Amino acid sequence: MRMCLTGDLGGYYTGAIGQDRDQFGVKGDFVTSPEISQIFGELVGVWFIAEWISQGRPKKGVQLIEVGPGRGTLMDDVLRTVARFPAMADSIEGIFMVEASPELRDTQKQLLCGPDAQFTKCDAGSQSNGKHIRKPIVWAESLKSIPVEANKMPFIVAHEFFDALPIHTFQSALASAAPSKPLATTAPAASPARPAGTETNASVSYEWREMMVSPTSPTLMASAQAKSRAAGKSEAPEEFQLILSSKPTRHSRYLPESSSRYRQLKHTPGSVIEICPDACLYAADFARRIGGSAGVQKPQPSGAALILDYGTSETIPINSLRGIRHHKLVSPFSAPGLVDLSADVDFTAIAEAATLASDGVEVHGPVPQAYFLELMGIKERAEMLIKAVITTQGSTTAKSIENSCKRLIDRGPSGMGKVYKVLAILPENDGRRKPVGFGGDVRPT
Ligand code: SAH
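Residues numbered from 1 in each chain as written. Predicted model: local features only at pLDDT ≥ 70, side-chain atom pairs only at ≥ 80, totals over all residues. Heavy atoms only, no water.

1. With respect to the overall build of the chain
And then number 1: Counting secondary structure elements, the chain contains 15 helices and 17 strands.
And then number 2: Here the C-alpha radius of gyration of the chain, 23 Å, is about what a compact globule of 445 residues would show, namely 22 Å.
And then number 3: For the chain, the spread of C-alpha atoms along the three principal axes comes to 70 × 50 × 45 Å.
And then number 4: Buried positions account for 53% of the 445 residues belonging to the chain.
And then number 5: Of all intrachain contacts in the chain linking residues separated by at least 6 positions in sequence, the fraction that spans at least 24 positions is 77%.
And then number 6: Working note: accessible area of the chain is about 21300 Å², and carbon and sulfur atoms make up 54% of it.
And then number 7: Taken as two groups, the 48 positive and 47 negative side-chain charges of the chain have centres that lie 1 Å from each other. (Helix = DSSP H or I, 4+ residues; strand = E, 2+ residues; numbered from the N terminus. Rg over C-alpha atoms; globule rule 2.2 N^0.38 Å. Buried < 20%, exposed > 50% of the residue type's maximum accessible area, 1.4 Å probe, protein only. Contact = heavy atoms within 4.5 Å. Areas by Shrake-Rupley, 256 points an atom, 1.4 Å probe, with all protein chains shown as cover. Lys, Arg positive; Asp, Glu negative; His and termini not counted. Charge placed at Lys NZ, Arg CZ, Asp CG, Glu CD.)

Below, the structure written as C-alpha cells:
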C-alpha cells in the first residue's frame, strides 16, 4: 500500500502526473469534501478560531499544520477564514504543509501563495509566503521534519489522510505447532470476522497470521483467464492477490498483541483485524505536540487536532482495503500506482494511541460529519452564501451551493454525513470543556 501510494517509482501520489491523470475532481478519481464546498474549509477554520478563543487568545506561537493537503483547498479556505480574525491571524507564527507528493506541493504553493511565488529552501523542506495571511508557509515531506517546540500552540488538521496510510491485516488461526487439523480459511478478502464467543476452544492454541500480497500463480492466472473468456469477459485477472501466510510473520507477532481490543479476538478462529501502525504514530505525534511528553515538557498543554475521515468508531475495520479509480470501486490489486488505495480508519485505535502518548490530551468524538458540520453552522453559512450569490450569479449557482451542502451532510447509509467522522484531540481538561461541533460551546478564558 505504501509503495503503491507514495513509493518513489510511480506511486499514486508521488509518481509523475500525466496530462490524463489527476487524482482529484470530476475528471480524476475521487472528490473530497473541501473540493465539494468552500464551506467545509471555512467551518474547519471557524473550529480552530473557536479553540484559539477558548484557549486564551494567545498573541503568538500559533502554528497551523495540515497533513496530506491534496490540492491545498482546505488550507486555502481555512486561511481565508482566519484572515477575517486579525488577532488570531497575527498570532500565527508558521503554517506547515506535510505532503509527500512533489507535484501536489507545487499545486498547493500556487494556490496558497499565488502562481508566481517561488519556493526557497528551509530546514524542514521549502517555503514561500502566503497570500491570505502574509506568513511563511513551510512544506515538509514528513511531520518529523517539523520541530516539536514546547511553547507553541499547534492546530493540526488531517482530512482524508489517515485512510491512505498502509494497513496490515491479520486472521486468527490454529497455531502452526498445534497437532490438530488446520483451520479451513476462506478467501481472505471475503472472510468476515466471526462474532466474539463462537467456536472458541480453550484447549487449542491460536496465533495471528498475516495476509500477504502475493503475485497470483501462473496456473491461477491461466484458469482465471479461461473463466473470464468463457464468460465472454475481456478483463484480465489481477496479477496480485491476498493470501494467508502459513507461518507467523514479524508483524503478526507483535501488532495484534498491542491492544486488548485485538487480543480478545485471538481465540475466536477466523477473526480478521486490520491494524494501521502509521495511524497510531501520527496520532501519538499530534498528541505529544498538544499535550507534551517526557521529551517535550510544555508549560501547559495547548493546541488541537481535528481528524476527519471515513472509518469505524467502535469496531475494528475488516476487509476494508479498496481501490478507487474514476469514481468507482475497483480491485486494490489492479493497476498498481494508477489506482487510489484506501482503508477504513480505526478511530478507537487513534484515540488510544493519542491518550497513551501524552497525559496532557483528551479525545472527543468521533462524531458523524453531518453532526459536526450542522453544529458548526453549515446551514446558516449556506443560506448566507446563497443570499449573496442569488442576485449576482443567479439561481443555478445558488442551487449548486445548496446541493453541495446537502451532499456533505447526507445521512443516508452511504452518505458523506454518516460515513465520514470527526475526532478531536484537545488539551486535557478532565472532560469539562467540550469543543464546538462536538456538543460544546466557545468558552473564552
Ligand atoms: N486532504 C486532501 C487530500 C486527501 S488525499 C483533501 O481532502 O482533498 C491524501 C493526501 O495525502 C494527498 O495529498 C497525498 O499526497 C498525501 N499523502 C498520502 N500519504 C502521505 C504520506 N505518507 N505522507 C505525506 N503525505 C501523504
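2. Let's talk about the site of the ligand
And then number 1: Lining the immediate environment of the ligand, one finds 16 residues, of which Thr-32, Gly-68, Gly-70, Glu-99 and His-159 sit closest.
And then number 2: Residue Gly-70 places a main-chain N or O atom 2.9 Å away from an oxygen atom belonging to the ligand.
And then number 3: Contact between the ligand and Ala-100: a nitrogen atom at 3.2 Å from a main-chain N or O atom of the residue.
And then number 4: Summarising the interface, the protein chains cover 94% of the accessible area of the ligand, which totals 570 Å² for the free molecule.
And then number 5: Residue composition of the shell around the ligand, by class: 7 nonpolar, 6 polar and 3 charged. (Near = heavy atom within 4 Å. Polar contact = N/O pair within 3.5 Å; in protein donor to acceptor, adjacent residues only side chain to side chain. Nonpolar A, V, L, I, M, F, W, Y, C, P; charged D, E, K, R; others polar.)

3. Notes on the side chain of Glu-160
And then number 1: By the secondary structure assignment, Glu-160 is in the loop between β6 (153-159) and β7 (168-174).
And then number 2: Arg-322 provides the closest opposite charge to the buried, unpaired Glu-160, separated from it by 8.2 Å.
And then number 3: For Glu-160, the residues in contact, after removing those within four places along its chain, are Thr-32, Leu-308, Asp-309, Tyr-310 and Tyr-420. (Salt bridge = Lys/Arg side-chain N within 4 Å of Asp/Glu carboxyl O.)

4. Thoughts on the nonpolar core
And then number 1: Counting residues in each nonpolar core, the largest one holds 68 residues, and the members touching the most others are Trp-47, Phe-155, Leu-306 and Phe-372.
And then number 2: Element by element, the count of residues in this core is highest for helix α3 (residues 38-54), at 10 residues. (Core = buried A, V, L, I, M, F, W, Y, C linked by side-chain atoms within 4.5 Å.)

5. Concerning the pattern of salt bridges
And then number 1: Evaluated as defined, the whole model comprises 21 salt bridges.
And then number 2: The shortest N-O distance in the salt bridge between Glu-51 and Arg-433 comes to 2.8 Å. Of the two residues, Glu-51 is situated in helix α3 and Arg-433 in the segment after β17 (420-427); the sequence distance between them amounts to 382 residues. Neither residue differs from the other here; Glu-51 and Arg-433 are each classed as buried.
And then number 3: Each member of the salt-bridge network shares a partner with another, and the members are Glu-42, Asp-77, Arg-80 and Arg-381.

6. Quick word on helix α7 (residues 218-230)
And then number 1: Along its 13 residues, α7 runs 18 Å from first to last C-alpha, staying within 8% of the 18 Å computed at 1.5 Å per residue.
And then number 2: Of the residues trailing α7, Gly-232 is marked for its positive phi of about 75 degrees. (Expected span 1.5 Å × (residues − 1).)

7. Comments concerning the packing of aromatic side chains
What characterises a pair of aromatic rings is the spacing of the ring centres plus the angle enclosed by the ring planes.
And then number 1: A complete count under the given rule lists 12 aromatic pairs for this structure.
And then number 2: Each ring, one from Tyr-12 and one from Tyr-13, has its centre 5.0 Å from the other, and the planes form 80 degrees; the classification is edge-to-face. Exposure class is identical for Tyr-12 and Tyr-13. Each is buried.
And then number 3: Three or more aromatic residues joined by ring pairs form one cluster here, namely Trp-47, Phe-48, Phe-155, Phe-372 and Phe-438.
And then number 4: Positioned over the ring face of Phe-119 is Lys-109, at 4.5 Å from the centre of the ring. (Phe/Tyr/Trp six-rings, centres within 6.5 Å; stacked < 30°, edge-to-face > 60°. Lys NZ or Arg CZ within 6 Å of the ring centre and 35° of its normal.)

Remember that the coordinates give geometry; whether it matters functionally is a separate question.
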